[in-house]
Structures are given as C-alpha cells and as structure tokens.
Amino acid sequence: MIGDPGAVLLVGEGFATCAAARRATGYAAAVAFSAANLSPVAQVVASAYPAADLVVLADDDAHLVNHPTIKKNVGLEAARAAALAVGGRLAIPPREDDAA
C-alpha cells in the first residue's frame, strides 16, 4: 500500500500507475502488480477496509486488441471485473483520440 488508508482507496495494476494516482489525488493505493491479480487484491482491500470507497485504476491496453494472440484489452477488462467484484468504481485513463 502506498500511503495511509483512508475513506477512499485506489487499487491499480502497476506501481507507476498507483504512485502517479497517489501523487495526483492524495489517496492511498494498493498495487496488484498484474492484471490477473487486480480482483484478488481489490477483494483483500475491500475486506480489510469495508467502509472505504474503492476505485480501481484501469490500464488501458487498447493496443493488445489487435495483437495476434491476445486480442483483448487485458488491463481494462481486468479492472472492470475487479471493480464489479467489490462494488467499487472504475477509473479509465483518457485516450489521445478522446475529445477534450
């Protein structure tokens, strides 16, 4: 966990994502270290801090959708599943092609 847990807790896939979100928001962040570990970490955090507002930070892996073997947005799908599993919110980074 980066920071001291409070009313809002962030859960993210990578250390850099969590450190940047912590710095930007001041909220504590739990690092899952992989997309596959997002749901288990979110569930542990939700159990340890049941009153906290959980926000799952998505890694937008849009480039993997066209990958010959992966063919899906691994980070976004894992984050969405983790948020649903704990009744948390989902934070998705803006894309360069999004309108300002």
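The notes below deal with the structure included here. (Residues numbered from 1 in each chain as written. Predicted model: local features only at pLDDT ≥ 70, side-chain atom pairs only at ≥ 80, totals over all residues. Heavy atoms only, no water.)

### Structural notes on the overall build of the protein
(1) Moving on: Check the secondary structure of the protein and you find three helices and four strands.
(2) Moving on: At 13 Å, the protein has a C-alpha radius of gyration in line with the 13 Å of a compact globule built from 100 residues.
(3) Moving on: With the C-alpha coordinates of the protein rotated into their principal frame, the extents come out at 40 × 30 × 20 Å.
(4) Moving on: Burial statistics for the protein: of 100 residues in total, 37% are counted as buried.
(5) Moving on: For the protein, the proportion of contacts with a sequence separation of at least 24, taken over those separated by at least 6, is 51%.
(6) Moving on: A total accessible area of about 5800 Å² is found for the protein, and carbon and sulfur atoms account for 56% of it.
(7) Moving on: Charge centroids of the protein, computed over 7 positive and 10 negative side chains, lie 2 Å from each other. (Helix = DSSP H or I, 4+ residues; strand = E, 2+ residues; numbered from the N terminus. Rg over C-alpha atoms; globule rule 2.2 N^0.38 Å. Buried < 20%, exposed > 50% of the residue type's maximum accessible area, 1.4 Å probe, protein only. Contact = heavy atoms within 4.5 Å. Areas by Shrake-Rupley, 256 points an atom, 1.4 Å probe, with all protein chains shown as cover. Lys, Arg positive; Asp, Glu negative; His and termini not counted. Charge placed at Lys NZ, Arg CZ, Asp CG, Glu CD.)

### Notes on the nonpolar core
Soluble globular proteins tend to bury their nonpolar side chains together.
(1) Moving on: If you look at the biggest cluster of nonpolar residues, it comprises 19 residues, and the most contacted ones within it are Leu9, Val11, Leu38, Val41, Val45 and Val56.
(2) Moving on: The residues touching Val11, leaving out its near neighbours within four places in the chain, are Ala30, Leu38, Val41, Ala42, Val45, Val55, Val56 and Leu57.
(3) Moving on: Within the second largest apolar cluster, nine residues are counted, among which are Ile2, Val8, Leu10 and Leu57. (Core = buried A, V, L, I, M, F, W, Y, C linked by side-chain atoms within 4.5 Å.)

### As for the sheet that holds strand S1 (residues 8–12)
(1) Moving on: With respect to topology, four strands assemble into an open sheet ordered S2-S1-S3-S4, the strand pairing being parallel. Both outer strands of the open sheet, strand S2 (28–31) and strand S4 (89–91), are each paired with one neighbouring strand and no more. Averaged over all adjacent pairs, the angle separating strand axes in this sheet is 30 degrees, with direction ignored.
(2) Moving on: Pairing between S1 and S2: four bridges, direction parallel. Opposite Leu10, over in S2, you have Ala29 as the bridge partner.
(3) Moving on: Running over the sheet, helix H1 (residues 15–25) touches S1, S2 and strand S3 (53–57) and is turned about 175 degrees from S2.
(4) Moving on: Its contacts with the sheet put helix H3 (residues 74–86) on S3 and S4, and the angle it makes with S3 is roughly 165 degrees. (Pairing = 2+ DSSP bridges. Axes fitted to C-alpha atoms, helices over the stretch in contact; angles between N-to-C directions.)

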